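The residues making up each chain are set out below.
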Amino acid sequence: MTSPLRLLSRRTLALAAGLALAGVAFAQTKPAPKPAAKPLNGQVVKIAWIDPLSGLMAPVGTNQLRSFQFFAEKFSASNPAGVKFEVIGLDNKLSPTESLNALKAAMDQGVRYITQGNGSSVALALVDAVNKHNERNPGNEVLYLNHSAVDPDLTNSKCSYWHFRYDADTSMKMEALSSFMQDQKDVQKIYLLNQNYSHGMQVAAYAKETLKRKRPDIQIVGEDLHPLAQVRDFAPYIAKIKASGADAVITGNWGSDLALLVKAANEGGYNGKFFTYYTGVTGTPTALGTGPAGRVFQVAYSHYNVGGPLTAWMKEYNDKFGDDFYTASVIRIFESLGQAMANAKSTDPVKVAAALEGLKFQSFNGELEMRKADHQLQQPLYVTVWQKADAKHPYSPEKTGMTLVPVKEFPPYVSSTPTSCQMKRPGA
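Here goes a summary of the coordinates provided.

Definitions and limits used
- Residues numbered from 1 in each chain as written.
- Predicted model: local features only at pLDDT ≥ 70, side-chain atom pairs only at ≥ 80, totals over all residues.
- Heavy atoms only, no water.
- Phe/Tyr/Trp six-rings, centres within 6.5 Å; stacked < 30°, edge-to-face > 60°.
- Helix = DSSP H or I, 4+ residues; strand = E, 2+ residues; numbered from the N terminus.
- Buried < 20%, exposed > 50% of the residue type's maximum accessible area, 1.4 Å probe, protein only.
- Core = buried A, V, L, I, M, F, W, Y, C linked by side-chain atoms within 4.5 Å.
- Contact = heavy atoms within 4.5 Å.
- Polar contact = N/O pair within 3.5 Å; in protein donor to acceptor, adjacent residues only side chain to side chain.
- Axes fitted to C-alpha atoms, helices over the stretch in contact; angles between N-to-C directions.
- Left-handed = near helix turned anticlockwise from the far one by under 90°.
- Nonpolar A, V, L, I, M, F, W, Y, C, P; charged D, E, K, R; others polar.
- 1 Å grid on protein atoms, 1.4 Å probe; cavity = no way out; pocket = protein on both sides within 12 Å on 5 of 7 lines; lining within 4 Å.
- Points joined across faces, edges and corners; volume = space filled by probe spheres on them.
- Pairing = 2+ DSSP bridges.

### Focus: the packing of aromatic side chains
- A full pass over the atoms with the stated rule returns 19 aromatic pairs.
- Geometrically, the ring pair formed by F70 and F321 is edge-to-face, given 6.3 Å between the ring centres and 70° between the ring planes. Here F321 lies in helix 10 (residues 309-321) and F70 lies in helix 2 (residues 58-77), a separation of 251 residues in the sequence.
- By relative accessible area, F70 is classed as buried at 4%.
- What makes F321 partly exposed here is its relative accessible area of 26%.
- Consider the rings of F71 and W313, whose centres lie 5.3 Å apart with planes at 85°: the pair is edge-to-face. Of this pair, F71 sits in helix 2 while W313 sits in helix 10, and the two are 242 residues apart along the sequence. W313 matches F71 in its accessibility class, with the two residues each being buried.
- Grouped by ring-pair contacts, the aromatic residues F68, F70, F71, F75, F85, W313, Y317, F321, F325 and F334 constitute a single cluster.

Here you go:
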């Protein structure tokens, strides 16, 4: 006969087991937890793009505006803050005065973020105007995202809390380029040809300074500064270069000023090397053609054959617009903005600027850092050479059958240069 105590124990155990099973069943039928809501889900962030859509540099501006709008759509669909990006294009005619008018028009529309990059003279004017506006209008600050203006002063003597640069500056690029040229022993005589404004002057100055340190045997046999976006025939300059005996040219020219220069070099029979910043930009690949294979080099923070997600994006961009994507700083702007806004849980430029300072984020070629001291993005640099496209390096700009092939990569700690910035921060 079973004792009442044992019977009670069995019933207790059976009841406990039943409750446990019921608990398991209940746990299994509970709905899965919802993913955490993005902090700013649906907020619209307007960015005013202020660059040329008319004149000789219009093809470059048109390409870059399309790039911003293309990636605004991409990153609106997926960013950690859950915001929606909208890009408004404003033609500045490559003029500082017109740029200030465009800035005012953007602010009148309630835009709190601007981007610009074609022309450091424009960039310097915008930095000054944004500084003054933000000082006079607390609570209505504007943030300036610089995609391509590379004058070192912008992150040194003219540095601003409200300015963030996503391109590598002239000094960084020349540091990498001159390091590469250390091994180019066939280069003995250099001609410096640049646009007559702050960027062109800085290219020439840093070329002389870095070559003196790294290749003191190189002679500078000529130097010219020409008007920005006004020269239509560079034949006279090519004649001077040939007469100087230069076996290479260093130029920071971009847009029509580089395309027409290399066209004149091809037509004038100049067979020296070109060390450039902007070979990949609209019009230059076509002007180069196949003739100067192996003789034209570019230093930049990206190139056509970097790989990774950039490969698919470039193909999609080309399929959509029949044009080549090359301003990869656009991607970094959206990557870092989305992350900074998520971290700040705000789209307020003051809070976003604080979150951008020192931000480390993943991009298509690794982890990058927005240096807090001066707001200069720290990133790898590549030296590439113009040559025939092949299976390993298949992307061919402007249907030339040619491409830019990497020959040297400089990690961020090598390409970085020091800063003299004395940052004035809000409330300091």
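That was the structure; now back to the text.
### Considerations on the nonpolar core
- Grouped together as the largest cluster of nonpolar side chains are 129 residues, with contacts concentrated most on I250 and F334.
- With eight residues, the top contributor of residues to this core is helix 11 (residues 329-344).
- I250 has contacts with M174, M181, I190, Y191, L192, L193, N194, V203, A207, L211 and F275, leaving out every residue within four places of it along the chain.

### Comments concerning the side chain of Q116
- By the element assignment, Q116 lies in strand 3 (residues 113-116).
- Take Q116: its relative accessible area is 0%, and that puts it in the buried class.
- A polar contact is formed between the side chain of Q116 and the side chain of Y144, at a distance of 2.5 Å.

### Here's the deal with the environment of L177
- By the element assignment, L177 lies in helix 5 (residues 170-181).
- Residue classification places L177 among the buried positions, given a relative accessible area of 0%.
- Counting along the chain gives 98 residues from L177 to F275, while the straight-line C-alpha distance between them is 7.9 Å.

### Points about the packing of helix 2 against helix 11
- Interaxial distance between helix 2 and helix 11 falls to 10 Å at its minimum, and their mutual angle equals 35°. Read as a crossing pair, helix 2 and helix 11 show a hand that is right-handed. Here S67, F68, F71, A72 and F75 of helix 2 lie close against helix 11, whose contacting residues are V330, I331, I333, F334 and E335.
- Residues that form the contact of helix 2 with helix 11 fall into these classes: eight nonpolar, one polar and one charged.

### Remarks on empty space enclosed by the protein
- Within this structure, the stated rule accounts for two cavities of 30 Å³ or more.
- Its boundaries defined by the atoms lining it, the largest cavity holds a volume of some 380 Å³.
- What lines the largest cavity is a set of 31 residues, and nearest its centre among them are Y277, Y278, V281, Y301 and Y326.
- For the lining of the largest cavity, the elements supplying multiple residues, two or more each, are helix 2, strand 10 (296-300) and helix 10.

### A few points about the sheet that holds strand 9 (residues 273-276)
- Sheet architecture is open: seven strands sit in the order 7-6-8-9-10-14-15, paired in mixed fashion. Only two strands of the sheet have a single neighbouring strand rather than two, namely strand 7 (219-226) and strand 15 (402-410). Direction aside, neighbouring strands of the sheet carry axes that sit 20° apart on average.
- In terms of strand pairing, strand 14 (residues 381-388) meets strand 15 through eight bridges, oriented antiparallel. When the sheet's bridge partners are listed, K388 is paired in strand 15 with M402.
- Lying over the sheet, helix 6 (residues 198-214) contacts strand 6 (189-195), strand 7 and strand 8 (248-251), oriented at roughly 160° with respect to strand 6.
- Sitting on the sheet, helix 8 (residues 256-268) touches strand 6, strand 7, strand 8 and strand 9, and the angle it makes with strand 9 is about 175°.

### Examining the pairing of strand 12 (residues 366-370)
- Of the pairings in the sheet, the one linking strand 11 (residues 360-363) to strand 12 comprises four bridges and is antiparallel in character. Note that in strand 12 the partner of Q362 across the bridge is E367.
- The antiparallel pairing of strand 11 with strand 12 creates a hairpin that spans two residues between the two strands.
- Two strands pair when backbone bridges link them, and strand 12 and strand 13 (residues 377-378) are joined in this way by two bridges, in the antiparallel orientation. If you follow M370 over to strand 13, its bridge partner there is L377.
- In this structure, the hairpin formed by strand 12 and strand 13 is closed by a connection of six residues, where H375 is found at a positive phi of approximately 65°.

### Remarks on the sheet that holds strand 12
- The strand order 11-12-13 describes an open sheet built from three strands, whose pairing is antiparallel. Across the chains shown, the open sheet's two edge strands, defined by having one partner strand only, are strand 11 and strand 13.

### As for the layout of surface pockets
- Taken as a whole, the largest pocket spans an internal volume of roughly 470 Å³.
- Taken together, the residues that form the lining of the largest pocket break down as nine nonpolar, five polar and seven charged.

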